[in-house]
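Tertiary structure, described
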Amino acid sequence: MSSQSAQRAFQLRVNPITGNSEWVVIEEDEPEEQTFNGGSQNALLAPTSYLDMLNDSHRNRAFREAIDKTISTPCHVLDIGSGTGLLSMMAARAMGSTTRRMVTACESYLPMVKLMKKVVRLNGMENQIKLINKRSDELKRGIDITSPAQVLVSEILDSELLGEGLIPSLQHAHDMLLVENPETVPYKATTYGQLVESTFLWKLHDLHGNEAKASDGIRLVPTGLDNILGVKPQQYAFHCDAIGKEVKLLSEPFKIFEFDFWKRPDSHGETEVHVKATNDGRVHAVISWWILQLDREGTIFYSTAPRWISLPGNTSHGDWCDHWKQCVWFVPGEGMSITKDEEVCLHAVHTDISISYNLKNQESRNEIMQYGFKNGDFKLILPPERIAIYGDSEWRHTMFSAISNSLQGRVDPLCIVADDSIFLTLLVAHLSKTSHVMSFFPGLQDKGFQYLEAVANSNGFSMDRVEFLNKRKTKLTMHDTHQKKVDVLIGEPFYYGMDGMLPWQNLRFWNERTMLDSVLSQDALILPCKAILKACALSVPDLWNSRCCLSKIEGFDHSVVNSTLGACGELPAEQECPCLPYFIWQCGNVKKLSEAFTVVEFDCSKPITSSYGKTQVEFTKAGICHGFALWIDWVMDSENSLVVSTGPEKRYWKQGVKLLAEPVAVRTNESRSTGEFRSAVIQASFDPSSGDLNVRHAFS
């Protein structure tokens with residue numbers, strides 16, 4: 001939310017350790033370096049995709065070539081979603097340096113407005129560009145812009161194409177802000193798809209099919225309640241190249257929708273595509289991507305296709321980038337079985353902001369493979385990675401063993417599940433028929449309890465032994481626990497809605513254990529009992545290149561944005577790159593340069609406290625070190641025999657990545673080469689008040 005008159009914006013910030021939310025006020029005239037609650041406003045922009053996008057040289061070049069080709073004489077240009085102002089400056093330059101205020105740029109996000117002003121001023125173009133801190137659909141002709149624009153330049157695209165409001169923005173622009181038949185860059189976009197078989201993608205959504213192999217007796221998706229738990233029916237952005245060797249292609253690529261930027265788009269569209277199978281198999285997913293045609297003549301293209309695709313105009317085989325990925329649409333259940341040369345009908349629908357698919361074939365009596373629920377049916381929606389974790393037999397066995405051991409010998413135990421784990425609540429109730437289970441569900445809230453009610457009978461327990469505590473843990477008293485002390489406090493830990501957080505921010509469990517200290521029995525078991533911050537050295541050239549410092553982009557100096565966007569490389573000596581969350585296995589070219597090592601341990605059996613650790617790591621492979629991966633191993637028993645790792649080999653968890661200011665050449669102890677480092681000292685300090693983890697390194 002923002003106020004144009006006051007030039008003020010409000011950013012919602014969540015303290016990851018307490019779970020509390022607060023509004024941060026951002027003023028137009030405040031420097032980015034101003035701090036709030038121990039953090040800098042820079043942290044608002046470092047996790048965004050702006051830096052990665054600006055480092056995409058192919059994207060930048062394609063837009064520059066198309067703008068130079070489209071704009072050859074002075075005209076009124078409108079730039080929607082201007083960001084750092086790159087496209088606005090390209091348009092102004094294409095018209096010549098004598099033009100004045102011929103470009104109107106609108107940007108709704110105040111921190112980016114402040115940054116764009118710096119960039120435009122640095123490049124001496126503030127007199128050629130009029131910047132307005134509004135959404136484009138808030139612009140009014142005669143007030144914000146004096147006349148309709150002849151040219152529209154915009155880059156309001158996400159991996160799905162439509163998710164950033166492309167259609168509504170184009171509709172309003174054509175209705176209110178543009179001349180009839182304007183020139184546009186891009187000119188049009190076309191979406192494509194391909195049918196694939198992939199066990200990995202199947203595990204991300206079909207919990208019912210995967211947990212059928214589980215021997216623990218727990219059924220998160222009981223027979224007859226197949227729709228009680230699942231993922232949201234939508235396209236998911238995904239680096240499909242990372243699973244290229246695990247994907248079986250079942251069709252040739254096919255065209256789905258075409259969106260013209262130069263004319264007003266429709267809010268709703270439908271199409272049927274008849275797809276011929278090229279292999280026998282089971283369709284687990286539809287992988288989709290888009291191709292931009294940036295100029296009217298069709299000579300300049302940009303594609304988000306996976307690397308295995310070869311299409312006319314596809315130039316996607318450049319540098320790895322994270323701001324645009326492919327998209328995955330899961331085919332429900334176990335997917336659709338098809339045979340070679342069989343024809344499948346794909347029914348595609350687009351709305352203002354999304355695209356969805358249904359599948360049907362002749363052999364299945366025209367049965368439509370889609371996500372459909374009866375009106376009134378309850379369904380708990382979880383992220384795909386969470387669905388896969390709950391279906392993972394190794395993870396389930398670890399949790400089963402840990403909880404079984406903790407309940408042995410305890411009569412009528414009081415157990416608290418402090419996080420959003422539906423699995424642990426079911427497991428305790430299933431294993432101990434005399435236990436009383438209290439679940440907080442801090443993110444799921446009453447949805448978690450509704451789910452338990454729906455599956456209780458199928459899992460053999462009565463809901464009179466399960467309780468949902470809908471209140472803040474800081475206020476928990478003996479009255480809330482029915483005058484009983486808590487015997488077992490458990491968590492995975494998993495907090496709903498926090499999937500994009502850094503791994504150590506799940507130490508929220510440690511903080512909540514501390515808040516419950518007064519109601520814990522003297523021999524209470526805390527699971528996990530310990531959290532271990534682990535790390536390893538990495539060569540990640542693709543990721544580093546996407547986050548490196550900017551200098552000139554197509555001739556425009558962007559060096560002023562580096563500190564605000566959290567860049568690495570060529571930084572001042574005192575400035576550190578931020579730790580950011582990534583699925584490391586999806587980060588392009590990745591090579592481990594060391595074994596995993598322990599940095600610091602957190603003892604969850606005791607109240608939360610500041611923690612510090614320091615260790616030396618020896619490199620096991622020679623190469624270029626770009627940074628360190630960091631993650632948490634959760635120890636579920638006092639013997640350290642039951643450990644849940646969230647490291648790079650575990651593809652369902654994000655890791656933290658600490659990139660170096662500059663890449664470093666490293667070697668092993670056996671190597672005789674000179675000028676390279678053999679080891680590094682890593683130290684980390686944890687601040688429980690903010691949840692911040694400060695990581696430092698020194699090479700030797």
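As the structure is a computational prediction, the values presented were derived from the model and not from experiment. Every residue gets a number counted from 1 within its own chain, in the order that chain's sequence is written. Thresholds applied to this predicted model are a pLDDT of at least 70 for local features of residues and 80 or more for the giving and counting of side-chain atom pairs; totals over whole chains, interfaces and linings are not thresholded and use all residues. With hydrogens and water excluded, all non-hydrogen atoms of the structure serve as input to the side-chain values.

**Topic: the pattern of salt bridges**
- In the sections that follow, a salt bridge refers to a side-chain nitrogen of Lys or Arg positioned within 4 Å of a carboxyl oxygen of Asp or Glu. One pass over the structure, following the stated rule, counts 26 salt bridges.
- With a shortest N-O distance of 3.5 Å, Arg59 and Glu155 are connected by a salt bridge. On the criterion of sequence distance, the pair formed by Arg59 in helix 2 (residues 57-70) and Glu155 in the loop between strand 9 (149-154) and helix 5 (166-177) is long-range, its members being 96 residues apart. Across the pair, Glu155 and Arg59 agree in class, each one buried.
- When the shortest N-O distance is used, the salt bridge between Arg396 and Glu211 registers 2.8 Å. Only DSSP runs of H or I covering at least 4 residues are called helices, and only runs of E covering at least 2 are called strands; the numbering of each starts at the N terminus. For every residue, the accessible area obtained with a 1.4 Å probe (protein chains only) is divided by the maximum for its type, and the residue is called buried under 20%, exposed over 50%, and partly exposed between those limits.

**Structural notes on the sheet that holds strand 41 (residues 692-699)**
- In spatial order, the strands read 36-40-41; together these 3 strands make up an open sheet with antiparallel pairing. The two strands at the open ends of the sheet, each matched to only one other strand, are strand 36 (611-618) and strand 41. Across the sheet, the axes of successive neighbouring strands diverge by a mean angle of 15°, strand direction being ignored.
- Pairing of strand 40 (residues 679-687) with strand 41 involves 8 bridges; the strand directions are antiparallel. Residue pairing across strands places Ala684 opposite Val695, the latter belonging to strand 41. A pair of strands is treated as paired once DSSP finds two or more bridges between them. Interaxial angle, 0 to 180 degrees, is taken between N-to-C directions of lines fitted to C-alpha atoms, where a helix line uses only the stretch in contact.

**Some points on helix 2**
- One less than the number of residues in a helix, times 1.5 Å, gives the span that helix is expected to have. Along its 14 residues, helix 2 runs 20 Å from first to last C-alpha, staying within 8% of the 20 Å computed at 1.5 Å per residue.
- Those residues of helix 2 not exposed but buried are His58, Arg59, Asn60, Ala62, Phe63, Ala66, Ile67 and Thr70.

**Observations regarding the confidence of the model for the protein chain**
- Each residue gets a pLDDT score, which is the predictor's confidence in that residue and runs from 0 to 100. Scored by pLDDT, the protein chain comes out at a mean of 90, with 90% of its residues at no less than 70.
- Throughout residues 1-5 the model reports pLDDT below 50, and contacts reaching past four residues in sequence, or to other chains, amount to 11 contacts.
- In the predicted structure, residues 372-376 sits below a pLDDT of 50 and forms 3 contacts with residues beyond four places in sequence or in another chain. Any two residues whose heavy atoms approach within 4.5 Å at even a single point are treated as in contact.

**Thoughts on empty space enclosed by the protein**
- Two kinds of site are reported from a 1 Å grid over the protein atoms alone, namely cavities, where a 1.4 Å probe fits but cannot get out, and pockets, open sets with protein on both sides within 12 Å along at least five of seven lines, and residues are called lining when an atom falls within 4 Å of a point. Grid points are joined across faces, edges and corners, and a volume is the space filled by probe spheres set on the points. Taken as a whole, this structure holds 5 cavities of 30 Å³ or more when the rule is applied.
- Approximately 60 Å³ is the volume found for the largest cavity.
- Lining the largest cavity we find Arg547, Gly566, Ala567, Cys568, Cys577, Pro578, Leu580, Tyr582, Val657 and Leu659.
- Among the elements of the structure, strand 33 (579-582) and strand 39 (655-666) are those that each provide at least two residues to the lining of the largest cavity.
- In this count, Pro and Cys sit with the nonpolar residues alongside Ala, Val, Leu, Ile, Met, Phe, Trp and Tyr, while Asp, Glu, Lys and Arg are called charged and the others, Gly among them, polar. Of the residues that constitute the lining of the largest cavity, the class distribution is 8 nonpolar, 1 polar and 1 charged.
- Approximately 50 Å³ is the volume attributed to the second largest cavity.
- What lines the second largest cavity is Ser159, Glu160, Thr191, Gln235, Ser288, Trp289, Trp290, Cys327, Ile355 and Tyr357.
- Only strand 18 (285-293) and strand 23 (355-361) provide two or more residues apiece to the lining of the second largest cavity.
- Per-class residue counts for the lining of the second largest cavity are 5 nonpolar, 4 polar and 1 charged.

**Let's talk about the side chain of Arg386**
- Position of Arg386 relative to the elements: it lies in helix 8 (residues 384-390).
- Look past the residues within four positions of Arg386 in its chain and what remains in contact with it is Trp395, Glu492, Phe494 and Trp653.

**Regarding the packing of aromatic side chains**
- We call Phe, Tyr and Trp rings a pair once their centres come within 6.5 Å, taking the six-membered ring for Trp, and we label the pair stacked below 30 degrees between planes, edge-to-face above 60, and tilted otherwise. Summed over all chains, the structure comprises 23 aromatic pairs.
- With a centroid separation of 6.2 Å and 25° between ring planes, the pair formed by Phe449 and Phe468 is classed as stacked. Taken together, the residues Phe449 in helix 11 (residues 446-455) and Phe468 in strand 27 (residues 466-468) connect sequence positions 19 residues apart.
- On the accessibility criterion, Phe468 (17% relative accessible area) is buried.
- Here Phe677 and Phe699 contribute two aromatic rings whose centre-to-centre distance is 5.8 Å and whose plane-to-plane angle is 50°, an arrangement assigned as tilted. You can see Phe677 sitting in the loop between strand 39 and strand 40 and its partner Phe699 sitting in strand 41, a full 22 residues away along the chain.
- With relative accessibility at 32%, the residue Phe677 sits in the partly exposed group.

**A few points about the nonpolar core**
- Definition of nonpolar core: a set of buried residues of the types Ala, Val, Leu, Ile, Met, Phe, Trp, Tyr and Cys, connected through side-chain atoms within 4.5 Å. Membership of the largest hydrophobic core comes to 117 residues, with the highest contact counts inside it found for Leu201, Leu220, Leu229, Ile422, Tyr451 and Leu533.
- Leave out the neighbours within four places in its chain, and Ile422 touches Leu220, Leu229, Leu380, Leu382, Tyr390, Phe441, Leu444, Tyr451 and Leu452.
- The next biggest cluster of nonpolar side chains, apart from the first, holds 104 residues, and it includes Met53, Val119, Leu166 and Leu294.

**Some words on the side chain of Asp79**
- Along the chain, the position of Asp79 falls in strand 6 (residues 77-80).
- Here Ser88 takes part through its side chain, which lies 2.6 Å from a polar atom of the side chain of Asp79.
- Contact partners of Asp79, with chain neighbours within four places excluded, come to Leu87, Ser88, Thr104, Ala105, Cys106, Val153 and Ser154. We call two N or O atoms a polar contact when they sit within 3.5 Å, provided that within protein one can donate a hydrogen and the other can accept it, with sequence-adjacent residues counted only if both atoms are side-chain atoms.

**As for the sheet that holds strand 7 (residues 103-106)**
- Ordered in space as 8-7-6-9-10, the 5 strands form an open sheet in which the pairing is parallel. At either end of the open sheet lies a strand with only one pairing partner, and these are strand 8 (129-132) and strand 10 (178-185). Recorded for the sheet is a direction-independent mean angle of 25° between the axes of neighbouring strands.
- As paired strands, strand 9 and strand 10 are joined by 4 bridges and run parallel to one another. Looking at strand 10, one finds that Val153 is bridged to Val185.
- Against the sheet, helix 2 engages strand 9 and strand 10, with an angle of about 140° to strand 10.
- Relative to the sheet, helix 5 contacts strand 6, strand 9 and strand 10, its axis offset from that of strand 10 by approximately 135°.

**Remarks on the pairing of strand 15 (residues 254-260)**
- Of all 7 residues in strand 15, 5 are buried; the element is thus mostly enclosed.
- Here 5 bridges tie strand 11 (residues 188-197) to strand 15, and the two strands are oriented antiparallel to one another. If you follow Gly193 over to strand 15, its bridge partner there is Phe254.

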